[in-house]
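Each chain is listed here by its residues.
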Amino acid sequence: METQLQTCYFTKKGPSLVTLFGYATKSVPGLEINGLGKYGKSIKEKIVFVTRSRQLRVPLKRFVLNVEISDDLGNLESSSVKWLEYPLLLHYWFLAGLLPISKLDNCLAVGSLTPSGEVEEPLNHAVVDLCLGHDLHLISSTTGIDSPNGIIDGKDLFGQVADLSFKWKESAPVSETR
């Protein structure tokens, strides 16, 4: 099984689209995150911890998640990489067959994740505009956000699987106002 999911990396110019792609194979079981350098291991361990602490049954497969960050974004910074944690968890759980959704290819999610399962979403008009410009559905539980392409509620998506709490980051990374 393979899929991709869109997310964004925040720069001084605003959010830039980032593609997550991955697959699951019958190989040595485990989770591997590529493309994030030194940040990949800590995000992987956080995802494994959140999954295990909720006693979710993940198939014994090898899960490979890849982050395609273009060179023009410069060096990775922890302040922007943290917003990839929630989409990576979403991607992993989708590949494990835990989420009731048929595809993620035309979706965008962004957010950080704490070990206790709190998801913080840094949503603003620039992220919604990114969805509009690339014809993507936004996966979010933040109220008050409207997206012309539709919103998939993260609470509904995760509700049958695990208890995660969602909150909106009031001081979103992009400082532009509409």
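Residues numbered from 1 in each chain as written. Predicted model: local features only at pLDDT ≥ 70, side-chain atom pairs only at ≥ 80, totals over all residues. Heavy atoms only, no water.

Caption draft 1: Highlighting the pattern of salt bridges. Enumeration according to the criterion identifies three salt bridges in this entry. For the salt bridge of glutamate 32 with arginine 62, the shortest nitrogen-to-oxygen distance reads 3.0 Å. Remark: arginine 62 occurs in strand E4 (residues 62-68) and glutamate 32 occurs in strand E3 (residues 30-34); sequence separation between them is 30 residues. Residue classification places glutamate 32 among the partly exposed residues on the basis of a relative accessible area of 29%. (Salt bridge = Lys/Arg side-chain N within 4 Å of Asp/Glu carboxyl O. Helix = DSSP H or I, 4+ residues; strand = E, 2+ residues; numbered from the N terminus. Buried < 20%, exposed > 50% of the residue type's maximum accessible area, 1.4 Å probe, protein only.)

Caption draft 2: Structural detail: the environment of aspartate 156. Tracing the sequence through the fold places aspartate 156 in helix H5 (residues 154-159). C-alpha separation for the pair aspartate 156 and serine 141, spaced 15 residues apart in sequence, amounts to 8.6 Å.

Caption draft 3: Representation of the packing of aromatic side chains in the model. The tally for this structure, following the rule as stated, stands at three aromatic pairs. Centroid distance tyrosine 86 to phenylalanine 158: 5.8 Å. Interplanar angle 45°. Geometry classified as tilted. Of the two residues, tyrosine 86 is situated in helix H3 (residues 85-95) and phenylalanine 158 in helix H5; the sequence distance between them amounts to 72 residues. According to the relative accessible area criterion, tyrosine 86 is buried, its value standing at 0%. Ring geometry for tryptophan 93 versus phenylalanine 158: centroids 5.4 Å apart, planes at 65°, classification edge-to-face. Separated by 65 residues along the polypeptide, tryptophan 93 in helix H3 and phenylalanine 158 in helix H5 bring together distant segments of the chain. Phenylalanine 158 carries the same exposure label as tryptophan 93, and that label is buried. (Phe/Tyr/Trp six-rings, centres within 6.5 Å; stacked < 30°, edge-to-face > 60°.)

Caption draft 4: Molecular detail of the environment of asparagine 66. Along the polypeptide, asparagine 66 turns up in strand E4. With relative accessibility at 11%, the residue asparagine 66 sits in the buried group. Polar contacts involving the side chain of asparagine 66 include one to the side chain of asparagine 34, which spans 3.0 Å. (Polar contact = N/O pair within 3.5 Å; in protein donor to acceptor, adjacent residues only side chain to side chain.)

Caption draft 5: Local environment of the side chain of threonine 19. The topology assignment puts threonine 19 in strand E2 (residues 14-25). When sequence neighbours within four positions are dropped, the list of residues in contact with threonine 19 reads Gln4, Leu5, Gln6, Asn66, Val67 and Glu68. (Contact = heavy atoms within 4.5 Å.)

Caption draft 6: Representation of the nonpolar core within the structure. Counting residues in hydrophobic clusters, the biggest one holds 43 residues, and the most contacted among them are Leu36, Leu88, Trp93 and Phe158. Elements represented by at least two residues in this core include exactly strand E1 (2-11), E2, E3, helix H1 (38-53), E4, H3 and H5. Among the elements that make up this core, the one with the highest residue count is H3 (eight residues). Not counting residues within four places of it along the chain, the set of residues in contact with tryptophan 93 comprises Val50, Thr51, Arg54, Leu56, Leu98, Leu99, Phe158, Val161, Ala162 and Leu164. Among the nonpolar cores identified, the runner-up in size contains 13 residues, and Phe10, Leu108, Leu123 and Leu138 belong to it. (Core = buried A, V, L, I, M, F, W, Y, C linked by side-chain atoms within 4.5 Å.)

Caption draft 7: Representation of the pairing of E4. Of all seven residues in E4, five are buried; the element is thus mostly enclosed. As paired elements, E2 and E4 share seven bridges and run antiparallel to each other. Residue pairing for E4: threonine 25 is matched across the bridge by arginine 62. In this fold, the crossover linking E3 to E4 by way of H1 has left-handed handedness. (Pairing = 2+ DSSP bridges. Right-handed = clockwise from strand over helix to strand, strands pointing away.)

Caption draft 8: Quick look at the pairing of strand E7 (residues 118-121). Sheet topology note: the strand E6 (residues 112-113)/E7 ladder contains two bridges and is antiparallel. When the sheet's bridge partners are listed, serine 112 is paired in E7 with glutamate 120. The hairpin turn running from E6 into E7, its antiparallel successor, is four residues long, and glycine 117 in that turn takes a positive phi close to 95°. Relative to strand E10 (residues 165-168), E7 runs parallel, the two being bridged by four bridges. Opposite valine 119, over in E10, you have phenylalanine 166 as the bridge partner.

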